[in-house]
Structure formats: C-alpha cells, structure tokens
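Residues per chain are reported as follows:
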Amino acid sequence: MTVSDIKALLQQEGLTPNKALGQNFLADEGAARRIAEASGAVEYPVLEIGPGLGALTEMLLSVSPFVTAVEIDAAMVRVLQKRFGESSKFSLLHEDFLKTDLSSLSALQSGCAVAANLPYYVTTPICMKLLTSSLPIKSMALMLQKEAADRFFAQPSSRQYGPLSVLARHYYDVSPLMSLSPQSYYPQPEVDSSVILLTRKEDAEELPFLPRTLDAAFAMRRKTMLNNIKAAGFSKEETEALLTEAGIAPSARAEALPIEAFVQLASAWEIAIEA
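Residues numbered from 1 in each chain as written. Predicted model: local features only at pLDDT ≥ 70, side-chain atom pairs only at ≥ 80, totals over all residues. Heavy atoms only, no water.

## Looking at the packing of aromatic side chains
For the coordinates displayed, the defined rule picks out 4 aromatic pairs. Taken together, a centroid distance of 5.1 Å and an interplanar angle of 75 degrees make the contact between F234 and W269 edge-to-face. With F234 in the loop between α9 (225–230) and α10 (236–246) and W269 in helix α11 (residues 259–274), the pair connects residues that are 35 residues apart, well separated along the chain. Residues F234 and W269 agree in their burial class; the two are buried. (Phe/Tyr/Trp six-rings, centres within 6.5 Å; stacked < 30°, edge-to-face > 60°. Helix = DSSP H or I, 4+ residues; strand = E, 2+ residues; numbered from the N terminus. Buried < 20%, exposed > 50% of the residue type's maximum accessible area, 1.4 Å probe, protein only.)

Okay, here's the thing in structure tokens:
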C-alpha cells in the first residue's frame, strides 16, 4: 500500500489513525514485501501482530501457508475482514495481543514465524511475551522505533542493556534488516524506525528460570546482585551459594554482566529450586 492507497482507504471507511494506539501505517510496498519474505513466512505459518489496514498482511498472504493476525482496534478489524476475510489462509482475532492465549492458536503450534509493526508504547511487553512464550517461533521480523531496536543489540554496561537484550540473544541470532524513515509511514512518526530479524538458535539451551532470573537481577539496576537475588526470596547464604555457582561476584551489578552469566545463574537457580 502507498500513502495514496492508505489515505483513500481511510477516507472510504470514514477513519482516522488512532494516535492512542500508535497507528503509523506502513506505506512502502517494497519494504513490506522484503519484510514478509525475510520473516520466515515463506516457510511457516505466520503470526502478525497489529496488522492495521493490512499493508504487510497482503504481502504475508502472498507467501505464507497461513496468516493468523491479532488486532486490537475494532475499526481495523472491519477493514481487514473486508479485505481478506474470504481467504482460507487468513484468521483474524479481535483482541489485545498481550491477553491472547498463544497456546490456543492451533495453526502455529508446529512451528511459526512472527511479523509485526509494533507501536512504541507497547513494544517491550509484546517482545517479552514473544520471547517467553511456548510457541515454537522459528523467526521474527519486527518493525520498531530505532531506540527500541537498539536494545536488542545492547552490550553490557550500556543504558539499553537489560532482560530483553539477554533473552533475545540467548535464544535467537539477531540482525538488522533495514532502516525506515518517517516517509515510509502514514501518518509519519517523529522518529526513524528499524526492522530487525530474529532467527532461532537450534542449540539454544531451554532455560525456564531465565525470565525469573532476569526479573530479579534487574529489579533495581543500581543494587548489587547479592541484594537483588536475595530479595527474590533467598537467604543471604543461599544467594551467595547461587552466585558462586554461577561465577558471579556478589558485588556485581546486573547491567555489567554478560549474557553467559545469566545463563549460568538461571541453571543454578533451577537446580536449587528442584533440590
């Protein structure tokens, strides 16, 4: 869809972009095609989050065996039903993705891809839900504001480094696909955007306690690991034993630790709980 297409469709439906939902519609057909092809949708059924008017949806349907879309805005749902509702390859859920039961999406349970144009205000919770879900996500193509995208690549001791950085890079190879200027959207956002690709690592160790470990470790960024982990319900002695097992100094701060340290700590935590 071009800017002209978007304006015409909005006028036809009597709609205006919803600022509260962060609606900036992709208006670059070349970018939409490239994102769809890179997302993994060629090989897998795809989950699309926030399809809006369907610029990316159209491209996904042209390459994917099946598209499951989740859209929170009733007005967009009506447009999407008109455009794609008769396709046997398309399923549309009118709901908040953060409340969606991903285990109920039967078309995605044997392996899937994800494609999404994420509004800034809800980027982190959506990404954390994807990274911690039980869905067998093989690859993701995510459109994000540049500042949010930078967090996927953040290194220890940087301001952006946190649970998202650790989870993403433990389970996925993360790479940039393209940059998008405000001119690629309608209405135009005030900042540049990035598209990043996440490809599942086949040898990534499954760590059920990693999210809990990261929540505790980063709970208070300026506090030591000893204080943060102890606050999660361990005694001082138990905390010191956990940190020793993981090779982490009690005086260390989470923001300075490499990903491998959290992997070791999550493994030690799981063993301690099960003992």
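So, next bit.
## Re the nonpolar core
Across soluble globular proteins, you tend to see nonpolar side chains buried next to one another. One finds L47, L142, F152, L198, M225, I229 and F262 to be the most contacted residues of the largest nonpolar core, which totals 63 residues. Setting aside residues no more than four positions away along its own chain, F262 makes contact with Y161, V166, L210, T213, L214, A217, F218, A254 and L257. A36, V46, V67 and A113 belong to the second largest nonpolar core, which has 29 residues in total. (Core = buried A, V, L, I, M, F, W, Y, C linked by side-chain atoms within 4.5 Å. Contact = heavy atoms within 4.5 Å.)

## Some points on the packing of helix α2 (residues 29–38) against helix α3 (residues 55–63)
The N-to-C vectors of α2 and α3 enclose an angle of 45 degrees; their axes lie 9 Å apart at closest approach. The angle between α2 and α3 places the two elements in the oblique class. α3 is crossed by α2, and the crossing has right-handed handedness. Along its contact with α2, which presents E29, A32, R33, I35, A36 and E37, the element α3 presents A55, L56, M59, L60 and V63. When the residues that make up the contact of α2 with α3 are grouped by side-chain class, the tally is 8 nonpolar, no polar and 3 charged. (Axes fitted to C-alpha atoms, helices over the stretch in contact; angles between N-to-C directions. Parallel < 35°, antiparallel > 145°, perpendicular 65-115°, else oblique. Left-handed = near helix turned anticlockwise from the far one by under 90°. Nonpolar A, V, L, I, M, F, W, Y, C, P; charged D, E, K, R; others polar.)

## As for the layout of surface pockets
Quantified by volume, the largest pocket comes out at close to 670 Å³. Residue lining of the largest pocket: 40 residues in total, with L21, G22, N117, L118 and P119 positioned closest to the centre. Taken together, the elements giving at least two residues each to the lining of the largest pocket come down to β1 (25–26), β2 (46–49), α3, β3 (67–71) and β6 (137–145). Take the lining of the largest pocket: its biggest share by element is 3 residues, from β6. Residues of the lining of the largest pocket, tallied by class, amount to 25 nonpolar, 10 polar and 5 charged. Considering only enclosed or pocket space, the second largest pocket measures out at about 260 Å³ in volume. What lines the second largest pocket is a set of 17 residues, among which L131, S133, S134, R200 and E206 lie closest to the centre. Secondary-structure elements contributing two or more residues to the lining of the second largest pocket are α5 (123–132), β6 and α7 (163–171). (1 Å grid on protein atoms, 1.4 Å probe; cavity = no way out; pocket = protein on both sides within 12 Å on 5 of 7 lines; lining within 4 Å. Points joined across faces, edges and corners; volume = space filled by probe spheres on them.)

## What about the sheet that holds β3?
Spatially, β4-β3-β2-β5-β6-β9-β7 is the arrangement adopted by the 7 strands of the open sheet, whose pairing is mixed. In this open sheet, the two strands that pair with only one neighbour each are β4 (90–94) and β7 (172–180). When the angles between neighbouring strand axes are averaged without regard to direction, this sheet yields 15 degrees. Sheet topology places β6 next to strand β9 (residues 193–200); 7 bridges connect them, and they run antiparallel. Residue pairing for β9: L144 is matched across the bridge by S194. Against the sheet, α3 engages β2, β3, β4, β5 (112–117) and β6, with an angle of about 175 degrees to β2. Against the sheet, α7 touches β7 and β9, its axis set at about 110 degrees to β7. (Pairing = 2+ DSSP bridges.)

## Some remarks on the side chain of T100
Assignment of secondary structure puts T100 in the loop between β4 and β5. Polar side-chain contacts of T100 include one of 2.8 Å to the side chain of E95. With residues near it in sequence (within four places) discarded, T100 still touches V70, L93, E95, L105 and K129. (Polar contact = N/O pair within 3.5 Å; in protein donor to acceptor, adjacent residues only side chain to side chain.)

## Some remarks on the pairing of β9
For β9, a buried count of 6 out of 8 residues is recorded, marking the element as mostly surrounded by other parts of the structure. Bridging between β7 and β9 involves 8 bridges; their strand directions are antiparallel. For P176, the partnering residue across the bridge sits in β9 and is I196.

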